[in-house]
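This is what each chain is made of:
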Amino acid sequence: MHYAEGVLTLKSVVAAIWVLDTLHVVFANYGVPTSLEYIVWSLSASDLINVLVIFVVQRFFAHQIYHLCRSQVKRWVTIAIILFIIGLAWVSTLR
């Protein structure tokens, strides 16, 4: 199955996730045990990029579900998904 109208969107989402995940790995300081002794700026940057990755992926899934739903329930399903995503983001920031 080929959908010409969705190819550019899907490639853009994959490219954005790839770039954001690469930045996440760069900022994460993997393999540097001394970086775990104190909080550095890259830890906050890594968390921010991780949140952006989650947002892009969840937004893409909500968009796909929106297009798959019947016209009567599109708005309500999309609103429910967005509220769920916002709720998860709020709960995950509580520490």
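Small disclaimer: the values here were computed from a predicted structure and weren't measured. (Residues numbered from 1 in each chain as written. Predicted model: local features only at pLDDT ≥ 70, side-chain atom pairs only at ≥ 80, totals over all residues. Heavy atoms only, no water.)

Chemist: Which parts of the structure should I look at to understand the overall build of the chain?
Modeler: Counting its secondary structure elements, the chain contains three helices and zero strands. When the helices and strands of the chain are placed in sequence order, the string is α-α-α. Relative to its full complement of 95 residues, the chain shows a buried share of 16%. A separation threshold of at least 6 residues defines the contact pool for the chain, and within that pool the share at least 24 residues apart is 47%. (Helix = DSSP H or I, 4+ residues; strand = E, 2+ residues; numbered from the N terminus. Buried < 20%, exposed > 50% of the residue type's maximum accessible area, 1.4 Å probe, protein only. Contact = heavy atoms within 4.5 Å.)

Chemist: Please explain helix H2 (residues 41–68) as it appears in this structure.
Modeler: In an α-helix, one full turn covers 3.6 residues, which means residues spaced three or four apart are oriented alike. Here H2 is 28 residues long and its end C-alpha atoms lie 41 Å apart, about the 40 Å a rise of 1.5 Å per residue gives. Within H2, burial applies to Ser42, Ala45, Ser46, Ile49, Val53, Phe60 and Ala62. (Expected span 1.5 Å × (residues − 1).)

Chemist: It is not clear to me how the packing of aromatic side chains should be interpreted in this structure. Could you clarify?
Modeler: In this structure the tally under the stated criterion is one aromatic pair. When the ring of Phe60 is compared with that of Phe61, the centres are 6.1 Å apart and the planes differ by 50°; the resulting orientation is tilted. Take Phe60: its relative accessible area is 17%, and that puts it in the buried class. Taking relative accessible area as the criterion, Phe61 reaches 44% and is therefore assigned partly exposed. Above the plane of the ring of Tyr66 lies Lys74, whose end atom (NZ or CZ) is 4.9 Å from the centre. (Phe/Tyr/Trp six-rings, centres within 6.5 Å; stacked < 30°, edge-to-face > 60°. Lys NZ or Arg CZ within 6 Å of the ring centre and 35° of its normal.)

Chemist: Quick question: what am I supposed to make of the environment of Val26 here?
Modeler: Position of Val26 relative to the elements: it lies in helix H1 (residues 4–27). When its relative accessible area of 56% is taken as the criterion, Val26 is described as exposed. Sequence separation between Val26 and Ser42 is 16 residues, and the spatial gap between their C-alpha atoms is 8.7 Å.

Chemist: What's the story with the confidence of the model for the chain in this structure? I'm lost.
Modeler: Should the pLDDT be low somewhere, the predicted coordinates at that spot are not to be read in detail. With 81% of its residues at a pLDDT of 70 or more, the chain has an overall mean of 77. No element of the chain has a lower mean pLDDT than H2, at 79, and none a higher one than helix H3 (residues 74–93), at 81. (pLDDT = per-residue confidence, 0-100.)

Chemist: Just checking my understanding: could you explain a nonpolar patch on the surface for this structure?
Modeler: Taken together, Trp76, Ile79, Ile82, Leu83 and Ile86 make up a surface patch of nonpolar side chains, about 540 Å² in accessible area. Inspection of the secondary structure puts Ile79 in helix H3. (Patch = residues over 30% accessible without salt bridge, like charges linked within 9 Å, V, L, I, M, F, W, Y side chains within 5 Å. Areas by Shrake-Rupley, 256 points an atom, 1.4 Å probe, with all protein chains shown as cover. Salt bridge = Lys/Arg side-chain N within 4 Å of Asp/Glu carboxyl O.)

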